[in-house]
Amino acid sequence: MSQGDTPITIVGNIVAEPELRYTPNGAAVCNFRVASTPRTFDKNTNQWVDGDALFLTCNIWRQAAENVANSFTKGDRVIVVGNLKQRSFENRQGERRSVIELEAEEVGPSLKFATAQVVKYTPNSRGSAQAPQGGWGNSNQSQQQPQQRNDAWGGGQQQGFNGTNDDPPF
């Protein structure tokens, strides 16, 4: 994060299907909108009351963009961390417009009302990504066999560091 950035974390629901596009030079970008609605408890009525929703357009780049597009669908509750950016443009009528968007650095599922299974990104032999298809909340996800994790912490394996009996490098 550079000086002058406006960091923000929001929790909310994706309100439309994430849209994955590619720039002319091949960089992936995923755009999605999140609605974050504050809730407060009204002691007089003894009920929860919804406040005004904040709708924020988010974008994320490169491999993370492909992962977001393959992982989330409309309605999924997410946690988004990034920086607010203001962008100006000219519309079709020639008028100058300005929008504020969230340039995401990290996007993850909210586990308040759901569970998630993490599947690590692995490049295939041609150097492109092999990522799981479908949203993390899809019902077909539970029918898949969990993948054996091969990470630096052993991933739940009974052996030591990185699936071997070696000590960690620290």
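Reading the values: the criteria
- Residues numbered from 1 in each chain as written.
- Predicted model: local features only at pLDDT ≥ 70, side-chain atom pairs only at ≥ 80, totals over all residues.
- Heavy atoms only, no water.
- Pairing = 2+ DSSP bridges.
- Helix = DSSP H or I, 4+ residues; strand = E, 2+ residues; numbered from the N terminus.
- Phe/Tyr/Trp six-rings, centres within 6.5 Å; stacked < 30°, edge-to-face > 60°.
- Buried < 20%, exposed > 50% of the residue type's maximum accessible area, 1.4 Å probe, protein only.
- pLDDT = per-residue confidence, 0-100.
- Contact = heavy atoms within 4.5 Å.

Draft legend 1. The pairing of strand β1 (residues 6-14), seen in detail. Here eight bridges tie β1 to strand β7 (residues 77-90), and the two strands are oriented antiparallel to one another. In the sheet register, Asn13 faces β7, and the bridge partner there is Arg77. Of the strand pairs in this sheet, β1 and strand β3 (residues 28-36) are connected by two bridges, and their pairing is antiparallel. If you follow Ile14 over to β3, its bridge partner there is Val34.

Draft legend 2. Looking closely at the packing of aromatic side chains. On inspection of all chains with the given rule, the structure shows one aromatic pair. With 5.4 Å between their ring centres and 70° between their planes, Phe41 and Trp48 make a pair best called edge-to-face. Look at Trp48 and you get exposed, because its relative accessible area is 52%.

Draft legend 3. Geometry of the confidence of the model for the protein chain. Considering every residue of the protein chain, the mean pLDDT works out to 79; 71% of them sit at 70 or more. Low pLDDT (under 50) marks residues 132-162, which in the prediction has 50 contacts with non-local residues, meaning those over four places away or in another chain.

Draft legend 4. How the structure looks around the environment of Leu56. Relative to the helices and strands, Leu56 resides in strand β6 (residues 54-61). Note: C-alpha distance between Leu56 and Phe32 (24 residues apart in sequence) is 8.5 Å. Beyond its immediate chain neighbours, meaning those up to four positions away, Leu56 contacts Ile10, Phe32, Arg33, Val34, Leu84, Ile100 and Leu102.

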